Amino acid sequence: MSISENLMAIRASIPASITLVAVSKTVDEQRLREAIAAGQTVFGENYVQEAKSKWSTLKTEFKGIKLHLIGHLQSNKADDAVALFDRIDTLDRVSLASALAKAMKKQGRKVPCLLQVNIGDEPQKGGCAINELPALIDFARGLSIDIEGLMAIPPIDLNAIRSAPSISEMGGVTARADGSVDPRPYFEKLAELAKANKLRVISMGMSGDYEAAIACGSTEVRIGSVIFGARS
Ligand SMILES: *Cc1c(COP(=O)(O)O)cnc(C)c1O
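Quick caveat, the model's predicted, so the values are computed rather than measured.

*Asks:* Break down the overall build of the protein for me, with residues and values.
*Replies:* Along its length, the protein carries eleven helices and eight strands. Taken over C-alpha atoms, the radius of gyration comes to 17 Å for the protein, in line with the 17 Å a tight globule of 232 residues would show. In terms of overall dimensions, the protein has a C-alpha envelope of 50 × 45 × 30 Å along the principal axes. Burial statistics for the protein: of 232 residues in total, 50% are counted as buried. Expressed as a percentage of contacts within the protein between residues at least 6 apart in sequence, the contacts between residues at least 24 apart total 60%. Distance between charge centroids for the protein: 5 Å, based on 28 positive and 27 negative side chains.

If you want it as structure tokens, here you go:
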């Protein structure tokens, strides 16, 4: 299947109101051009340097492209991120909010953000703790950062989450027959948090679980391998 066929198949399987973010980490320029030619306009990248080298010219060539940063952002790369991306989906801490606000002011460029939530309370994962979310929203808004919504990645490793207290509060973890974690309680929790904080965008769902995410209220799915093939 070609990239354009993959994109068509996904679009046909999701409601038109859902934003499809094509996750293009490790995808080279030729394949990005194929996706653009197939009408894809929203892309997600994980690494600032990689995105800069791939997209700087493509973004001048194709004005309608929207580039989202979906990977962890170090504060010392805030300047580059603000210059290149149209949205930053991984704002998860006060120090990063400060760095981003400073970069935006310096460049006279406003870049909306999503707050990344550590929805499974995993010690090794990025994202703001659920109970710190309201304070981070207030802090970022106090710096005039436009917070459009929330983003999260549910846990995949059962061992990493067994000890997390928030899981039992959420009704317990459901392991599937193959040992993977049922993402639905986490999706539901993120949707609930977005609603409670009156946030419009709910970015959740990847290649393996986007249909479940949409059923739980996702407004935006981030899909890589189903579009571009498996990453090596
Ligand atoms: C890589 C990545 C995706 C896409 O993953 P696939 O399983 O290839 O669809 C989505 N979101 C984030 C944050 C990612 O890092």
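Following the structure, the description resumes.
*Asks:* Describe the layout of surface pockets, with residues and values.
*Replies:* Taken as a whole, the largest pocket holds about 750 Å³ of empty space. Taken together, 31 residues form the lining of the largest pocket, with Lys25, Ile153, Pro154, Met206 and Arg222 sitting closest to its centre.

*Asks:* Help me get a handle on the nonpolar core, residues and values and all.
*Replies:* Considering soluble globular proteins, one finds that nonpolar side chains tend to be buried as a cluster. One finds Phe43, Trp55, Ile88, Leu91, Leu100 and Ile145 to be the most contacted residues of the largest nonpolar core, which totals 66 residues. In terms of residue count, helix H5 (residues 94–107) provides more of this core than any other element does, seven residues in total. Of all hydrophobic cores here, the second largest spans five residues; its members include Val23, Ile70, Leu114 and Met151.

*Asks:* Break down the site of the ligand for me, citing the residues and quoting the values.
*Replies:* Around the ligand, a shell composed of Val23, Lys25, Asn46, Ile70, Ile153, Met206, Ser207, Arg222, Ile223, Gly224, Ser225 and Arg231 is seen. The side chain of Arg222 places a nitrogen or oxygen atom 2.9 Å from a nitrogen atom of the ligand. At a separation of 2.8 Å, an oxygen atom of the ligand approaches a polar backbone atom of Gly224. Relative to its unbound accessible surface of 390 Å², the ligand loses 89% to contact with the protein. Its atoms largely coinciding with the cavity grid, the ligand occupies the largest pocket. Partitioning the shell around the ligand into residue classes produces five nonpolar, four polar and three charged.

*Asks:* Go over the pairing of strand E6 (residues 147–151) with me, naming the residues and quoting the values.
*Replies:* Where burial is concerned, most of E6 is hidden: five out of the five residues are buried. Relative to E6, strand E5 (residues 113–116) runs parallel, the two sharing four bridges. Bridge pairing in E6 places Cys113 opposite Ile147. One crossover worth recording links E5 to the parallel E6 by way of helix H6 (residues 133–142), and it is right-handed. In this sheet, strand E7 (residues 201–203) lies alongside E6 in parallel orientation, the contact comprising three bridges. By the bridge assignment for E7, Gly149 is matched with Val201.

*Asks:* Now, about the pairing of strand E4 (residues 87–91): what can you tell me, with residues and values included?
*Replies:* The element E4 is largely enclosed, with a buried count of five among its five residues. Looking at chain direction, strand E3 (residues 66–69) and E4 are connected through two bridges and run parallel. What sits directly across from His68, in E4, is Arg87. With two bridges connecting them, E4 and E5 associate as parallel partners. Considered in E5, the bridge of Ile88 is made with Cys113. Regarding topology, H5 serves as the crossover connection from E4 to the parallel E5, and that connection is right-handed.

Definitions and cut-offs
- Residues numbered from 1 in each chain as written.
- Predicted model: local features only at pLDDT ≥ 70, side-chain atom pairs only at ≥ 80, totals over all residues.
- Heavy atoms only, no water.
- Helix = DSSP H or I, 4+ residues; strand = E, 2+ residues; numbered from the N terminus.
- Rg over C-alpha atoms; globule rule 2.2 N^0.38 Å.
- Buried < 20%, exposed > 50% of the residue type's maximum accessible area, 1.4 Å probe, protein only.
- Contact = heavy atoms within 4.5 Å.
- Lys, Arg positive; Asp, Glu negative; His and termini not counted.
- Charge placed at Lys NZ, Arg CZ, Asp CG, Glu CD.
- 1 Å grid on protein atoms, 1.4 Å probe; cavity = no way out; pocket = protein on both sides within 12 Å on 5 of 7 lines; lining within 4 Å.
- Points joined across faces, edges and corners; volume = space filled by probe spheres on them.
- Core = buried A, V, L, I, M, F, W, Y, C linked by side-chain atoms within 4.5 Å.
- Near = heavy atom within 4 Å.
- Polar contact = N/O pair within 3.5 Å; in protein donor to acceptor, adjacent residues only side chain to side chain.
- Areas by Shrake-Rupley, 256 points an atom, 1.4 Å probe, with all protein chains shown as cover.
- Sits in = over half its atoms within 2 Å of the grid points.
- Nonpolar A, V, L, I, M, F, W, Y, C, P; charged D, E, K, R; others polar.
- Pairing = 2+ DSSP bridges.
- Right-handed = clockwise from strand over helix to strand, strands pointing away.

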